[in-house]
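Here is how the chains run, residue by residue.
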Amino acid sequence: MAETRSAVEQDDVEEFFSAESDTEEDRKWEDDMLEHLKVSDDGDDRNRAKCRATRTSSPTAARRDDEEGRMAQTTNSDEEVEDRKTEDVQKEAEEELTPEEIKERRQQAEEVKLQGNDAFKKEDYEIALSGYTEAIRLCPKACEKELAAVYYGNRAACHVKLNQNEEAVDDCTKALELHPSYLKVRIRRAQVYEELEKLEEALKDYEKVLEQDPSNGFARAACMRLPQQIEEQREKLKTEMMGKLKDLGNMVLKPFGLSTENFQVQKDPNTGSYSINFKK
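Residues numbered from 1 in each chain as written. Predicted model: local features only at pLDDT ≥ 70, side-chain atom pairs only at ≥ 80, totals over all residues. Heavy atoms only, no water.

Undergrad: Sorry, what's going on with a nonpolar patch on the surface here?
TA: A cluster of nonpolar side chains, contributed by M241, M242, L245, L248, M251 and V252, occupies part of the molecular surface with about 590 Å² of accessible area. For M242, the position within the fold is in helix α11 (residues 217-253). For M242, a relative accessible area of 42% corresponds to the partly exposed category. (Patch = residues over 30% accessible without salt bridge, like charges linked within 9 Å, V, L, I, M, F, W, Y side chains within 5 Å. Areas by Shrake-Rupley, 256 points an atom, 1.4 Å probe, with all protein chains shown as cover. Salt bridge = Lys/Arg side-chain N within 4 Å of Asp/Glu carboxyl O. Helix = DSSP H or I, 4+ residues; strand = E, 2+ residues; numbered from the N terminus. Buried < 20%, exposed > 50% of the residue type's maximum accessible area, 1.4 Å probe, protein only.)

Undergrad: How do you make sense of the side chain of H159 when you look at a structure like this?
TA: Within the element layout of this structure, H159 appears in helix α7 (residues 145-161). Exposure remark for H159: the relative accessible area of 8% places this residue in the buried category. Leaving out residues up to four positions away in the same chain, H159 has contacts with L129, Q164, E167, A168 and D171. (Contact = heavy atoms within 4.5 Å.)

Undergrad: Help me out: how do you make sense of the pattern of salt bridges in this one?
TA: Pairing of side chains with opposite charge becomes possible as their charged atoms draw close. Evaluated as defined, the whole model comprises 9 salt bridges. In this structure, R189 and D205 form a salt bridge, with 2.8 Å as the shortest nitrogen-oxygen distance. Placement of R189 in helix α9 (residues 183-195) and of D205 in helix α10 (residues 199-212) is noted, with a sequence separation of 16 residues between them. Of the two residues examined, R189 and D205, each falls in the buried class. Among the ionic contacts, a cluster of salt bridges with common partners joins R186, R189 and D205.

Undergrad: Where do I start with α7 in this structure?
TA: The periodicity of an α-helix, 3.6 residues per turn, causes residues three or four places apart in sequence to face the same way. For α7, built from 17 residues, the straight-helix expectation of 24 Å at 1.5 Å per residue is met to within 8% by its first-to-last C-alpha distance of 25 Å. Burial analysis of α7 places 12 of its 17 residues in the buried class, the great majority of the element. Along α7, the positions that sit buried rather than exposed are L147, A148, A149, Y151, Y152, G153, N154, R155, A156, A157, C158 and H159. Buried residues along α7 sit against α5 (99-121), α6 (125-138), α8 (165-178) and α9. Taken from the residues just after α7, N163 is the one with a positive phi, measuring 60 degrees. (Expected span 1.5 Å × (residues − 1).)

Undergrad: I would appreciate a short explanation of the environment of L226 in the present structure.
TA: Structurally, L226 is set in helix α11. Residues L226 and E194, spaced 32 residues apart in sequence, show a C-alpha to C-alpha distance of 9.3 Å. Setting aside residues up to four positions removed in sequence, L226 forms contacts with E194, L199, A202, L203 and Y206.

Undergrad: Just checking my understanding: could you explain the packing of aromatic side chains for this structure?
TA: Working definition: an aromatic ring pair is given by the centre-to-centre distance plus the angle between the planes. Inspection of every chain in the model, using the stated rule, returns 2 aromatic pairs. On the numbers, 5.1 Å between centres and 65 degrees between planes, the contact of F120 with Y125 is edge-to-face. For F120, a relative accessible area of 23% translates into the label partly exposed. For Y125, a relative accessible area of 15% corresponds to the buried category. Relative to F218, the ring of Y206 lies with its centre 5.9 Å away and its plane at 65 degrees, an arrangement referred to as edge-to-face. One end of the pair, Y206, is in helix α10; the other, F218, is in helix α11, and 12 residues separate them in sequence. For Y206, a relative accessible area of 0% corresponds to the buried category. (Phe/Tyr/Trp six-rings, centres within 6.5 Å; stacked < 30°, edge-to-face > 60°.)

Undergrad: Can you walk me through the packing of α7 against α9 in this structure?
TA: Relative placement of two packed helices is described by the angle separating their axes and the distance separating the axes. Between α7 and α9, whose axes approach to 10 Å, the crossing angle comes to 25 degrees. Judged by the angle between their axes, α7 and α9 are roughly parallel. Considering how the two elements wind past one another, α7 and α9 form a crossing that is left-handed. Of the residues in α9, those in contact with G153, N154, A156, A157 and V160 of α7 are V185, R188 and V192. Broken down by class, the residue content of the contact of α7 with α9 amounts to 5 nonpolar, 2 polar and 1 charged. (Axes fitted to C-alpha atoms, helices over the stretch in contact; angles between N-to-C directions. Parallel < 35°, antiparallel > 145°, perpendicular 65-115°, else oblique. Left-handed = near helix turned anticlockwise from the far one by under 90°. Nonpolar A, V, L, I, M, F, W, Y, C, P; charged D, E, K, R; others polar.)

Undergrad: What's the story with α8 in this structure? I'm lost.
TA: In a regular helix each residue adds 1.5 Å, so 14 residues correspond to 20 Å; α8 covers 20 Å between its end C-alpha atoms and thus fits that length. Those residues of α8 not exposed but buried are N165, A168, V169, D171, C172, A175 and L176. Down the axis of α8, the buried set is contained in an arc of 170 degrees. They therefore lie on one face. Considering only its buried residues, α8 is in contact with α7 and α9. (Arc of directions from axis to C-beta.)

Undergrad: How should I be thinking about the packing of α8 against α9 in this particular structure?
TA: In contact at an axis separation of 9 Å, α8 and α9 are set at 155 degrees when each is read in the N-to-C sense. When the axes of α8 and α9 are compared, the pair comes out roughly antiparallel. Pair α8 / α9 crosses with left-handed handedness. Along the contact surface, α8 presents N165, A168, V169, C172, T173, A175 and L176, while α9 presents V185, R186, R188, R189, V192, Y193 and E195. Within the contact of α8 with α9, the residues separate by chemical class into 8 nonpolar, 2 polar and 4 charged.

Spelled out as structure tokens, the structure:
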């Protein structure tokens, strides 16, 4: 009974292999694995599962994984290039607009923005986001930078409401590139940075706010609060890193009958540097 089951299992494995194999190199690899199955199979399904799991390390599978990785990188790179091309085409098209066309595009963008504002007030954030995106497309950014910055800032507010913080940061950044003194958007980006626990970036934005508006109490309070939080965050990261290094050290030292406990780490209070001493 056990022999019959083993033969069936072997047939299953052969079928599994033949479904993906198409090179002589892979067939040799499969023969070795099937031979291993004959020797080690004790009727336990786990042996067949192990063989199937190992299939992903075959020569063709490895090459396929490498190729897929390269294709993914190429795809991302192509998308970035395409985005830049689109922006360049739009910029060139805007430079050729007549004053009348610029005025018309500006009016169209403003109308769409107002529709976005209405949707935002109704908490229809997806619809509002689409409206601001259309306003950004219509707006002749080359000569209406501050207006375009408002649209990016409004779209960033939609992203915040939709918990899309990374996208919110991107739109705030685009708005600030167009309009560096846009105080409201800089505060918004600082707040989102805090949500993302990017405290140092948040502090830089709040400091910029105070440079523009020394009377801004919100930014002043953040500048007083964040340095301590940043220090605590650094200490937490340092502790986590030391813990991982300790685990790694114990793994390396264990064959020699040692552990990280045999090494004493001391911090120099003057320089902040560390020294390591061996102890038995």
